[in-house]
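# Reading the structure
Below are the chains, spelled out letter by letter.
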Amino acid sequence: MTVQKKVPFVTFLTRVHDKSVQGPNPYRWEEKTSDDYFAGKRVILFSLPGAFTPTCSTYQLPQFEELYDEFEKEGIDAIYCLSVNDAFVMNAWGKSLGLKQVELIPDGSGEFTRKMGMLVAKDNLGFGMRSWRYAALINNGVVEHWFEEEGFSDNCEADPYGVSSPQNVLETLKAAA
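Residues numbered from 1 in each chain as written. Predicted model: local features only at pLDDT ≥ 70, side-chain atom pairs only at ≥ 80, totals over all residues. Heavy atoms only, no water.

- With an unreviewed UniProt entry as reference, the protein chain is termed Peroxiredoxin, source organism Mesorhizobium australicum.

Below, the structure written as structure tokens:
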């Protein structure tokens, strides 16, 4: 779906590796804003229900990582994966998957997800409030194309996946070129 909607301005609390920090956890807090991620860039953002969950960890995130170079060929500057998880969880998840290309954005409080209109209850799975699965092509902070999975609702019994898959997003980019 083609849209022209500005992404909300939010400050994300991230943890970044810092060699000057001593000890077994050499990370420091760093605030990053929506502008840091989206201003002046053409990016893919995809959001999913949670780190370490089956579809997210087995298919969606690893396949965006695998296809990163193909997205670059289509003029994409960065690919971001956002989840309503804290920075510690997102960093551990990225490390466990050996990510090198896709950058993870922790939306710990769900503020960005809520302002995007994609926050849903997943109490039926013991998750609490999480993101509905979607992807977006964002150019200089403006959503240009939207890929939302069907069935948006609280406590959805199914976990639809296909519309926001990297294959579908890439195919759409290529068709538009």
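There is more to say, and it comes next.
### Let's talk about the pattern of salt bridges
- As enumerated under the stated definition, the model contains seven salt bridges in all.
- Salt bridges linked by common partners bring Asp18, Arg28 and Glu30 together as one network. (Salt bridge = Lys/Arg side-chain N within 4 Å of Asp/Glu carboxyl O.)

### Some thoughts on empty space enclosed by the protein
- Counting across every chain of the model gives one cavity of 30 Å³ or more.
- Volume-wise, the largest cavity comes out at about 40 Å³.
- As for the largest cavity, its lining consists of Pro49, Lys122, Ser131, Trp132, Arg133, Ala158, Asp159 and Pro160.
- A breakdown of the residues in the lining of the largest cavity according to their chemical character gives four nonpolar, one polar and three charged. (1 Å grid on protein atoms, 1.4 Å probe; cavity = no way out; pocket = protein on both sides within 12 Å on 5 of 7 lines; lining within 4 Å. Points joined across faces, edges and corners; volume = space filled by probe spheres on them. Nonpolar A, V, L, I, M, F, W, Y, C, P; charged D, E, K, R; others polar.)

### Re the environment of Val3
- Positionally, Val3 belongs in strand E1 (residues 2–6).
- Once residues within four sequence positions are removed from consideration, Val3 is found in contact with Val143, Glu144, His145 and Trp146. (Helix = DSSP H or I, 4+ residues; strand = E, 2+ residues; numbered from the N terminus. Contact = heavy atoms within 4.5 Å.)

### Thoughts on the layout of surface pockets
- Its volume calculated, the largest pocket comes out at about 430 Å³.
- Contributing to the lining of the largest pocket are 16 residues, with Arg15, Met90, Asn91, Glu103 and Leu104 lying nearest its centre.
- For the lining of the largest pocket, the secondary structure elements donating two or more residues are strand E2 (11–17), strand E3 (27–33), helix H4 (87–97) and strand E6 (103–106).
- Of the residues assigned to the lining of the largest pocket, the class counts are eight nonpolar, four polar and four charged.

### Notes on the packing of aromatic side chains
- Overall, the coordinates contain twelve aromatic pairs when judged by the stated rule.
- Between Tyr37 and Phe38, the ring centres sit 6.2 Å apart and the planes meet at 50 degrees, which makes this aromatic pair tilted. One exposure class covers both Tyr37 and Phe38, and it is buried.
- By way of ring pairs, the aromatic residues Phe12, Tyr37, Phe38, Tyr80 and Phe112 are connected into one cluster.
- Stacked on the ring of Trp29, the Lys or Arg Arg15 has its end atom at 4.8 Å from the ring centre.
- Of note, Arg130 hangs over the ring of Phe127, and the distance from its end group to the ring centre comes to 4.8 Å. (Phe/Tyr/Trp six-rings, centres within 6.5 Å; stacked < 30°, edge-to-face > 60°. Buried < 20%, exposed > 50% of the residue type's maximum accessible area, 1.4 Å probe, protein only. Lys NZ or Arg CZ within 6 Å of the ring centre and 35° of its normal.)

### Considerations on the pairing of strand E9 (residues 134–139)
- In terms of burial, E9 is largely enclosed, as five of its six residues are buried.
- Sheet topology places strand E4 (residues 42–48) next to E9; six bridges connect them, and they run antiparallel. Residue pairing in the sheet places Leu45 in a bridge with Ala136 of E9.
- In this structure, E9 lies alongside strand E10 (residues 142–148), joined through six bridges in antiparallel fashion. Opposite Ile138, over in E10, you have Val143 as the bridge partner. (Pairing = 2+ DSSP bridges.)

### What to know about the sheet that holds strand E5 (residues 78–83)
- Taken in spatial order, the six strands make up an open sheet running E1-E10-E9-E4-E5-E6, and their pairing is mixed. A single partner strand is all that each edge strand has here, and the edge strands are E1 and E6. Geometrically, the sheet is characterised by an average inter-axis angle of 30 degrees between neighbouring strands, direction not taken into account.
- Summarising the sheet, E4 and E5 pair through six bridges and their orientation is parallel. (Axes fitted to C-alpha atoms, helices over the stretch in contact; angles between N-to-C directions.)

### Overview of the nonpolar core
- Ranked by internal contacts, the top residues of the largest apolar core, which has 23 residues, are Ile44, Phe46, Phe71, Ile79 and Trp93.
- Those elements that provide at least two residues to this core are E4, helix H2 (54–66), helix H3 (68–73), E5, H4, E9 and helix H6 (166–176).
- Dropping the residues within four chain positions of it, Phe71 is found in contact with Ile44, Phe64, Ile76, Ile79, Pro166, Val169, Leu170 and Leu173.
- Membership of the second largest hydrophobic core comes to 22 residues, among which are Val10, Leu45, Met116 and Met118. (Core = buried A, V, L, I, M, F, W, Y, C linked by side-chain atoms within 4.5 Å.)

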